Amino acid sequence: MKRPWLLPLVPLWAVGAAWKNRAFDRGSVKVEQLELPVISVGSLSAGGAGKTPFVIALGEALRRSGIGFDVLSRGYGRTVDAQAAKRVVGTGSAEEFGDEPLMIARRLGRRVYVAAERAAAGRMAEREHRAQRETGPWVHLLDDGFQHRRLARAVDIVLLTQVDVQDALLPAGDLRESLKSLRRADVIVLRKEEAARLRPVVERVVASAKKKPLVWEMERGFHFVEGAPASSPLAFCGIARPDAFLESLRLSGVEPASFVALKDHQRYDDGVMQRLVETAERMKANGFVTTVKDAVKLSPAMRATLQRVGPIAVADIEVTICDEARFIPELMKLL
């Protein structure tokens, strides 16, 4: 729980979330249906569950299985034509497409679409799919879609972590919904190292569900995708759970000279760069280390500013779906 002083407001959030879900359950809110099936990847929390790395892992698994796909996203944090539906250009900027869609497009090399209303992104994707005359099985992957119920989905995949189980609802914590919302899920994915503790929790929550979700596991790895960390770098990130990044750095043998935790989806500008440089110089750091999500937002000029202090190393979380050869057929059965 990050903000205990806001606990009195949690019941208001809970009522609002419950009212919204009841409206969808009763069919009183219009739900848009795309022509092709949608597989949603989401979580109960506002961030930090690993949704984007899982979307990348799932996309790679689908590709190995010969199943075509594209990715739909809200494009959170973009500032250029923020409501418009667009196809992400890998050489573009986070301001135009959002940091996470840009990461996905660069990693997967597949079509990624962003729109404030994700159905609009889906319609654009399907127009291009028809124009390309692509054949064979094809699905849309919806990034961070569990709460976006305005778009119909064939499968809801929900990632659950130990932090989620111990957290509180917004605004006191980071949970968008309570644990009982897991009853809507078709697949619940747990981190392998947490699975033994979380499986009994999941079983209790979904015991009264109309459908029993498939419970699966994933493994996470931490590695450097760009450069090698300096001997005493300044670490910085703008992600939902910055402490997890710092812990991963230390477990990999990197002890930062200092650590700067910025807000999630931090927009980088000259002011932020100056702050990082001044902190690095004050703490006698000889380089920087950050995440892929942050690195995609660094312009060449920003990189040059930081590199006056020292080299920049970029770390990434890589997700592996356990028993992938069995998971993909099980997932396709749900379609």
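A few words on the overall build of the protein chain. For the protein chain, the helix and strand inventory stands at twelve helices and twelve strands. For 335 residues, the compact-globule formula gives about 20 Å, and the C-alpha radius of gyration of the protein chain, at 20 Å, lands near that figure. Judged by the C-alpha coordinates and their principal axes, the protein chain covers about 60 × 50 × 40 Å. Taking all 335 residues of the protein chain together, the buried fraction comes to 53%. Where the 51 positive side-chain charges of the protein chain centre and where its 42 negative ones centre are 4 Å apart.

Let us now look at the sheet that holds strand β12 (residues 312-321). One open sheet holds the twelve strands; their spatial order is β3-β4-β2-β5-β1-β6-β7-β8-β12-β11-β9-β10, and the pairing between them is mixed. Strand pairing shows two members of the sheet lacking a second neighbour, β3 (86-87) and β10 (258-261), which therefore form its edges. Lying on the sheet, helix α8 (residues 242-251) is in contact with β8 (214-226), β9 (234-237), β10, β11 (288-291) and β12; it crosses β9 at an angle near 145°. Packed on one face of the sheet, helix α11 (residues 300-307) meets β8, β9, β11 and β12 and runs near 115° to β12.

A word on the packing of helix α2 (residues 51-64) against helix α4 (residues 99-108). Taken N-terminus to C-terminus, the directions of α2 and α4 make an angle of 25°; their axes are 10 Å apart at the nearest point. Looking at the two axes, α2 sits roughly parallel to α4. Crossing of α2 against α4: the hand is right-handed. Residues Thr52, Val55, Ile56, Gly59, Glu60 and Arg63 of α2 pack against Glu100, Met103, Ile104, Arg107 and Leu108 of α4. Looking at the contact of α2 with α4, its residues break down into five nonpolar, two polar and four charged.

Rules and cut-offs
- Residues numbered from 1 in each chain as written.
- Predicted model: local features only at pLDDT ≥ 70, side-chain atom pairs only at ≥ 80, totals over all residues.
- Heavy atoms only, no water.
- Helix = DSSP H or I, 4+ residues; strand = E, 2+ residues; numbered from the N terminus.
- Rg over C-alpha atoms; globule rule 2.2 N^0.38 Å.
- Buried < 20%, exposed > 50% of the residue type's maximum accessible area, 1.4 Å probe, protein only.
- Lys, Arg positive; Asp, Glu negative; His and termini not counted.
- Charge placed at Lys NZ, Arg CZ, Asp CG, Glu CD.
- Pairing = 2+ DSSP bridges.
- Contact = heavy atoms within 4.5 Å.
- Axes fitted to C-alpha atoms, helices over the stretch in contact; angles between N-to-C directions.
- Parallel < 35°, antiparallel > 145°, perpendicular 65-115°, else oblique.
- Left-handed = near helix turned anticlockwise from the far one by under 90°.
- Nonpolar A, V, L, I, M, F, W, Y, C, P; charged D, E, K, R; others polar.

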